[in-house]
There are 2 protein chains.
Amino acid sequence: MEWKNFDELKAYEALKAVKPVSVKEVMAGENGAKRVKEYSVPMSSGLVYNYAAKAVDEDILAVLQNLADEQSLTEKYKALYEGEIINTGEKRLVLHQLCRGQLGADVVVNGVNEREFYVEQQKRCAEFAKKVHNGEIVNEKGETYTTACQIGIGGSDLGPRALYLSLEGWAKYNNTLKMDAKFISNVDPDDALNVLSQIDISRTIFVLVSKSGTTLETLTNETFVKNAIEKAGCDASKHMVAVTSQTSPLAGNPDYMDSFYMDDYIGGRFSSCSAVGGCILSLAFGPEVFAEILNGAHAADELAKNTNIKENPAMIDALIGVYERNFLGYSATAVLPYSQALSRFPAHLQQADMESNGKSVNRFGQPVSYVTGPIIFGEPGTNGQHSFYQLLHQGTDIIPIQFMGFKNNQMANDLVIQNSTSQQKLNANVAAQIMAFACGKDDDNANKYFAGGRPSSIIAGDQLTPASLGAILAHYENKIMFQGFIWNLNSFDQEGVQLGKVLAKKVLAKDTDGALTAYSELLGIF
Amino acid sequence: MEWKNFDELKAYEALKAVKPVSVKEVMAGENGAKRVKEYSVPMSSGLVYNYAAKAVDEDILAVLQNLADEQSLTEKYKALYEGEIINTGEKRLVLHQLCRGQLGADVVVNGVNEREFYVEQQKRCAEFAKKVHNGEIVNEKGETYTTACQIGIGGSDLGPRALYLSLEGWAKYNNTLKMDAKFISNVDPDDALNVLSQIDISRTIFVLVSKSGTTLETLTNETFVKNAIEKAGCDASKHMVAVTSQTSPLAGNPDYMDSFYMDDYIGGRFSSCSAVGGCILSLAFGPEVFAEILNGAHAADELAKNTNIKENPAMIDALIGVYERNFLGYSATAVLPYSQALSRFPAHLQQADMESNGKSVNRFGQPVSYVTGPIIFGEPGTNGQHSFYQLLHQGTDIIPIQFMGFKNNQMANDLVIQNSTSQQKLNANVAAQIMAFACGKDDDNANKYFAGGRPSSIIAGDQLTPASLGAILAHYENKIMFQGFIWNLNSFDQEGVQLGKVLAKKVLAKDTDGALTAYSELLGIF
């Protein structure tokens, strides 16, 4: 197993030489129908990854399989989950997959079995949540808690928030929502003030999440919230738990009701399955639901072991994405879930992908001479159709699309209106959009002409449930990991966020000159 | 005044020949401070548009001024607001600016003074809202209404929703929120079900918004909501108003409490200042607040008349954006407001910009041979810093940034923590990010090296108020309009959304073949 730059590979040269596929041609007529049936990889939890409308054929897929083999993708994945130092910049292991299952040999660091450590923390979150739900843990007045509010930013916010919103309606509909969840993240004081105005502080547990225990925004919001708790006549130590690393100043601190732990081997943007997501989601939905998310994610992790790319949805998704980025020259990917519950899932993926692979140096710190991570953006369909799809259909750049769609909605209470349910209308739009992008439409009026040839894939399933949600989460995490391997990046550090932090501290210390002083004046800081 | 393609202009050739500016060099040292002071255009309502950190200098600005003059930008703007058929594809006038003020000569169509018509509708919305607020209009039981819920999609949703969220916290803090506002847009039944579960239907006024009265998603959601109203034992005609055109089937229909009108000269994505935004925002905040938004927007429209680009913030913003897109080769723009209240403003701009200028044909329906509208995406800072900024700082593509920041937060209740308020910390991050992107940082470790040279601009102001919000809204609308003029596009139609609608109808009618049938099966529609 060697770590090689992408452009050193034989497959790189081979991809340069492949005959391009016209999506418009191959998706027309019965051949298109055949592709939809054949170019479909089963995922777990009733999902499939379908890539019929991508610009690939058997020749290109064969080269992509060679690429996967030559770059040792499955071996590198195994090395990762069995504890090699994959995060080379920070000299750390990368073990988020172990939060949801055992994938290979035990990983033991300094006598600690890491998988057991993560499971132990999940159990502790579960027990805490059960005691809150059954009234063993109550507030100063002996009342039950009704709301859980996460204080975190970046990976401590986006993933857990996206997952919560994905299941909030489903849980309400099934009468299984145990507690409302809220989220405070921005250092903008209006964010905290707005959330605080919506909740009964006396019956809220705040979940303070910071791995290092030193994140400026999060600690500022903690002080902000503690002030509000005191103003409400409550005792902050009865209203706050910490999720942090065992070495942080927040760990085991009597200022908190309890502390739950992750460690340096769980990156922020991959932490939803650790205590970072586990605490708030167990409080909101109950530990059983969180366990189902983990099971769905683990099943996806197992599939990611397959060396045959046609049996490995995350890997083939990654490979096609790299082909589009490096050889077709597409600079962005749109993520378009046809499910309102997934409204914030694109924002989570935006972080997970862009923070992991938005890099210009390889894992050894050497500049690479090929493009890496694309822009990721998206909104739920059908809303996006009435918004930015104009550019996707008729703009001057081609933007590949990742659709998601489900046969059934979450709440069952659907209505037949004009001979179809809302869910059928929703899905009719997904099918229609894929074909409109792929095949376009000829028209003598150039303004009504659609060139087509705009590639998309879809993750399709029966329903958005805790298990299928977990599978989708892990699918994308694994896709991002594989793309990092292909590009020979370290997908698990984020040096690009450091400089801004350093300069912001200088501003607050008034240790500035030149334009930094001028901007500080413009913004009323000095 | 001639309508010419961008690449037919002398200024196009001149821009090809300009000497590029190194943002890293010009923003260093005292020259950077000088640029921050000089490259700042006053906007209305205490705002400035500052472009110090853009890759321009006096030479390039001179060519951009020539471009503005040669492409007759101010004359075309005047033609637009004085009633020429600027939307050539649909043969329509474009009059959204008249919703907020008189800019030139009266526009009279078929004997109707358009400005007076829009003002009349605003007055009718205002009177209706006042009667709801003071209890003259009540529900079946004689109770006041507490909630207003917009049912719309695309421009009938994104703009009004973004504006509502921008002022919700501010109004609550000042105890001036008259009614809560909610929004239903997605045809996904879970969207409507989720919103309906959060409100007291018996005390809600639903605002049904569809210009044509035929939008599938909106009418489906209307039926959905009417069903819920009946289930709640209420009379739908006491809980719904329509915002539509006078010729639509919804107009003057006794099924609604009242109807308010716009017309074909107000495009969906430019409709926030018409009754589309006016009804829901007047109900939520009171008509006086809506009037302040309009005044702020009108002041921005007046500035857009200036021929000197250094006195016309929307025009210089547009020109710099075109230079970046067509000559520096940047394919996207990130919109990053440092204000949580603006959380959905990037989604509104995404529609406004991408749907207007994401086109490959000019206003005469002829293909153009240059790139047009970029991808627009964004999230509020500081959140984005802990997410996708990694790619913005160190990714292989350069993505220009539009920052927004305010000296003061909306709710005043700020706290000093570690010697600075949260608002100061927030703004320290804006200043720091601009400089980090512009000047980067040398480091022997390539992983910690920041190349810099990543351009940004900022709209900076005292506070996000109704007036400054209106000014920002109009600034971007006018920027988009000017870019459309430069590229010689019709920014006011959206033919690219039609094909998907046609195919979706075919699916629902089971009139499909090939891959469209196969996808419909995959998604459980057939």
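A quick note: this is a predicted structure, and the numbers were derived from the prediction, not measured.

Examining the overall build of chain A
Link 1 in the chain: Helix and strand content of chain A: 18 helices and 15 strands.
Link 2 in the chain: Computed over the C-alpha atoms, the radius of gyration of chain A is 24 Å, within 12% of the 24 Å expected from 2.2 N^0.38 for a compact globule of 526 residues.
Link 3 in the chain: The principal-axis extent of the C-alpha atoms belonging to chain A is close to 70 × 60 × 55 Å.
Link 4 in the chain: When contacts within chain A are restricted to residue pairs at least 6 apart in sequence, those whose partners lie at least 24 apart make up 74%.
Link 5 in the chain: Within the structure as shown, chain A displays about 16,600 Å² of accessible surface, and the carbon and sulfur contribution to it stands at 46%.
Link 6 in the chain: Positive and negative charge centroids in chain A, built from 46 and 61 side chains respectively, lie 2 Å apart.

Some points on the packing of aromatic side chains
Link 1 in the chain: Scanning the entire structure with this criterion turns up 44 aromatic pairs over all chains.
Link 2 in the chain: Ring centres 6.4 Å apart and planes at 70 degrees place the aromatic pair Phe482 of chain A and Phe485 of chain A in the edge-to-face group. A residue pair is termed a helical-turn pair when its members lie 3 or 4 positions apart in one helix, as Phe482 of chain A and Phe485 of chain A do in helix α16 (residues 466-487) at 3 residues. Neither Phe482 of chain A nor Phe485 of chain A differs from the other in exposure class; each is buried.
Link 3 in the chain: Consider the rings of Phe117 of chain B and Tyr118 of chain B, whose centres lie 5.6 Å apart with planes at 50 degrees: the pair is tilted. Each member of the pair, Phe117 of chain B as well as Tyr118 of chain B, carries the same accessibility label: buried.
Link 4 in the chain: Joined through ring pairs, the aromatic side chains of Tyr338, Phe377, Phe388, Tyr389, Phe403 and Phe437 of chain A make up one cluster.
Link 5 in the chain: Directly above the ring of Trp3 of chain A sits Arg363 of chain A, whose terminal nitrogen or CZ lies 3.8 Å from the centroid.

With respect to the sheet that holds strand β1 (residues 40-42) of chain A
Residue and element names in this part refer to chain A.
Link 1 in the chain: With mixed pairing, the 6 strands of this open sheet are ordered in space as β1-β2-β15-β12-β10-β11. The open sheet is flanked by β1 and β11 (375-377), the only strands paired with a single partner. For this sheet the average axis-to-axis angle between neighbouring strands, irrespective of direction, equals 15 degrees.
Link 2 in the chain: Those strands touched by helix α15 (residues 422-439) are β12 (401-406) and β15 (456-461), and its axis lies near 155 degrees from that of β12.

Things to note about the interface of chain B and chain A
Link 1 in the chain: The partner chain A presents 139 residues to the 139 residues of chain B that form the contact.
Link 2 in the chain: For the pair chain B and chain A, the summed buried surface comes to about 11,200 Å²; carbon and sulfur atoms form 63% of the total.
Link 3 in the chain: Linking chain B with chain A are 8 salt bridges, by the criterion used here.
Link 4 in the chain: Among the ionic pairs, Lys448 of chain B bridges to Glu495 of chain A, the shortest N-O distance being 3.2 Å.
Link 5 in the chain: Our enumeration of links across chain B and chain A arrives at 47 residue pairs in polar contact (both at pLDDT 80 or more).
Link 6 in the chain: If one sorts the elements of the side of chain B that touches chain A by residue count, helix α15 (residues 422-439) of chain B sits on top with 15 residues.
Link 7 in the chain: Classifying every residue of the side of chain B that touches chain A gives 57 nonpolar, 58 polar and 24 charged.

What to know about the packing of helix α3 (residues 29-38) of chain A against helix α18 (residues 514-522) of chain B
Link 1 in the chain: Their axes nearest at 6 Å, the elements α3 of chain A and α18 of chain B cross at an angle of 25 degrees. Of the possible angle classes, the one that applies to α3 of chain A and α18 of chain B is roughly parallel. Of the residues in α18 of chain B, those in contact with Gly29, Glu30, Gly32, Ala33, Val36 and Lys37 of chain A of α3 of chain A are Gly514, Ala515, Ala518, Tyr519 and Glu521 of chain B.
Link 2 in the chain: A per-class count over the contact of α3 of chain A with α18 of chain B returns 5 nonpolar, 3 polar and 3 charged.

Examining the relation of the copies chain B and chain A
Link 1 in the chain: Mapping chain B onto chain A is achieved by rotating through 180 degrees and translating by 0.0 Å along the same axis, at an RMSD of 0.0 Å. Such a turn and shift between the copies fits a two-fold axis. When C-alpha distances to the rotation axis are compared across chain B, the minimum falls at Phe377 of chain B, with a value of 3.2 Å.
Link 2 in the chain: Mapped onto chain A, 100% of the interface residues of chain B again fall at the interface, so both copies present the same surface.

A word on the side chain of Arg454 of chain B
Residue and element names in this part refer to chain B.
Link 1 in the chain: Checked against the element boundaries, Arg454 lands in the loop between α15 and β15 (456-461).
Link 2 in the chain: Buried and unpaired, Arg454 has no salt bridge, with Asp397 as the nearest side chain of opposite charge at 8.1 Å.
Link 3 in the chain: Separated by 3.4 Å, the side chain of Arg454 and the backbone oxygen of His393 make a polar contact.
Link 4 in the chain: Discounting chain neighbours no more than four positions away, the residues touching Arg454 are Leu391, Leu392, His393, Gln394, Gly395, Asp397, Ile398, Phe437 and Ala438.

Points about the packing of helix α1 (residues 10-17) of chain A against helix α4 (residues 58-70) of chain A
Between two packed helices, the angle of one axis relative to the other and the distance separating the axes together describe the packing.
Residue and element names in this part refer to chain A.
Link 1 in the chain: Look at α1 against α4: their axes get within 9 Å of each other, and the N-to-C directions meet at 165 degrees. Regarding the angle of α1 to α4, the classification is roughly antiparallel. Crossing handedness for the pair α1 and α4: left-handed. Contacts from Lys10, Ala11, Ala14 and Leu15 in α1 reach Val63, Leu64, Asn66, Leu67 and Glu70 in α4.

Section: the side chain of Asn50 of chain A
Link 1 in the chain: In this fold, Asn50 of chain A is placed in strand β2 (residues 48-50).
Link 2 in the chain: A distance of 2.8 Å separates a polar side-chain atom of Asn50 of chain A from the backbone oxygen of Val36 of chain A.
Link 3 in the chain: Among the polar contacts made by the side chain of Asn50 of chain A, one reaches the side chain of Ser40 of chain A at a distance of 3.3 Å.
Link 4 in the chain: If sequence neighbours within four positions are ignored, Asn50 of chain A has contacts with Val36, Tyr39, Ser40, Ser457 and Ile458 of chain A together with Tyr519 and Leu522 of chain B.

Digging into the pairing of strand β6 (residues 180-184) of chain A
Link 1 in the chain: Pairing analysis gives 5 bridges linking strand β5 (residues 147-151) of chain A to β6 of chain A, with the strands arranged parallel. When the sheet's bridge partners are listed, Cys149 of chain A is paired in β6 of chain A with Lys182 of chain A.

Topic: helix α13 (residues 345-357) of chain B
An α-helical turn contains 3.6 residues, so any two residues separated by three or four positions project in the same direction.
Link 1 in the chain: A rise of 1.5 Å per residue sets the reference length of α13 of chain B, with its 13 residues, at 18 Å; its end C-alpha atoms lie 18 Å apart and thus fit the reference within 8%.
Link 2 in the chain: Of all 13 residues making up α13 of chain B, 13 are buried, and the element is well covered by its neighbours.

Comments concerning the confidence of the model for chain A
Link 1 in the chain: Chain-level statistics for chain A give a pLDDT mean of 97 and a share of 100% at 70 or above.
Link 2 in the chain: Predicted complex metrics record ipTM = 0.97 and pTM = 0.98.

A short note on the pattern of salt bridges
Residues and elements named next belong to chain B.
Link 1 in the chain: A complete count under the given rule lists 46 salt bridges over all chains for this structure.
Link 2 in the chain: With a closest N to O distance of 2.9 Å, Lys54 and Glu324 form a salt bridge. Here the residue Lys54 occupies a position in the loop between β2 (48-50) and α4 (58-70), and Glu324 occupies one in helix α12 (residues 313-326), the gap between them amounting to 270 residues.
Link 3 in the chain: One salt bridge connects Arg269 with Glu355, and the closest N-O pair in it is separated by 3.5 Å.

A word on the environment of Ile266 of chain A
Residue and element names in this part refer to chain A.
Link 1 in the chain: Its location among the elements puts Ile266 in the loop between β9 (259-262) and α10 (275-285).
Link 2 in the chain: Exposure remark for Ile266: the relative accessible area of 1% places this residue in the buried category.
Link 3 in the chain: Sequence separation between Ile266 and Arg92 is 174 residues, and the spatial gap between their C-alpha atoms is 9.3 Å.

Thoughts on the sheet that holds strand β10 (residues 332-337) of chain B
All names here are of chain B.
Link 1 in the chain: Strand order across the open sheet formed by 6 strands is β1-β2-β15-β12-β10-β11, with mixed pairing between neighbours. With one partner strand each, in any of the chains shown, β1 (40-42) and β11 (375-377) form the two edges of the open sheet. Taking each pair of neighbouring strands and ignoring which way they run, the sheet shows an average axis angle of 15 degrees.
Link 2 in the chain: Note that β1 and β2 share 3 bridges and pair antiparallel. Each residue of the ladder has a partner; that of Pro42, found in β2, is Val48.
Link 3 in the chain: Against the sheet, α12 makes contact with β1, β2 and β12 (401-406), and its axis sits at roughly 20 degrees relative to β2, the strand it touches most.

Rules behind the numbers
- Residues numbered from 1 in each chain as written.
- Chains lettered and ligands numbered in written order.
- Predicted model: local features only at pLDDT ≥ 70, side-chain atom pairs only at ≥ 80, totals over all residues.
- Heavy atoms only, no water.
- Helix = DSSP H or I, 4+ residues; strand = E, 2+ residues; numbered from the N terminus.
- Rg over C-alpha atoms; globule rule 2.2 N^0.38 Å.
- Contact = heavy atoms within 4.5 Å.
- Areas by Shrake-Rupley, 256 points an atom, 1.4 Å probe, with all protein chains shown as cover.
- Lys, Arg positive; Asp, Glu negative; His and termini not counted.
- Charge placed at Lys NZ, Arg CZ, Asp CG, Glu CD.
- Phe/Tyr/Trp six-rings, centres within 6.5 Å; stacked < 30°, edge-to-face > 60°.
- Buried < 20%, exposed > 50% of the residue type's maximum accessible area, 1.4 Å probe, protein only.
- Lys NZ or Arg CZ within 6 Å of the ring centre and 35° of its normal.
- Pairing = 2+ DSSP bridges.
- Axes fitted to C-alpha atoms, helices over the stretch in contact; angles between N-to-C directions.
- Buried area = accessible area lost by both parts, 1.4 Å probe.
- Salt bridge = Lys/Arg side-chain N within 4 Å of Asp/Glu carboxyl O.
- Polar contact = N/O pair within 3.5 Å; in protein donor to acceptor, adjacent residues only side chain to side chain.
- Nonpolar A, V, L, I, M, F, W, Y, C, P; charged D, E, K, R; others polar.
- Parallel < 35°, antiparallel > 145°, perpendicular 65-115°, else oblique.
- Least-squares fit on C-alpha atoms with pLDDT ≥ 70 in both.
- Left-handed = near helix turned anticlockwise from the far one by under 90°.
- Expected span 1.5 Å × (residues − 1).
- pLDDT = per-residue confidence, 0-100.

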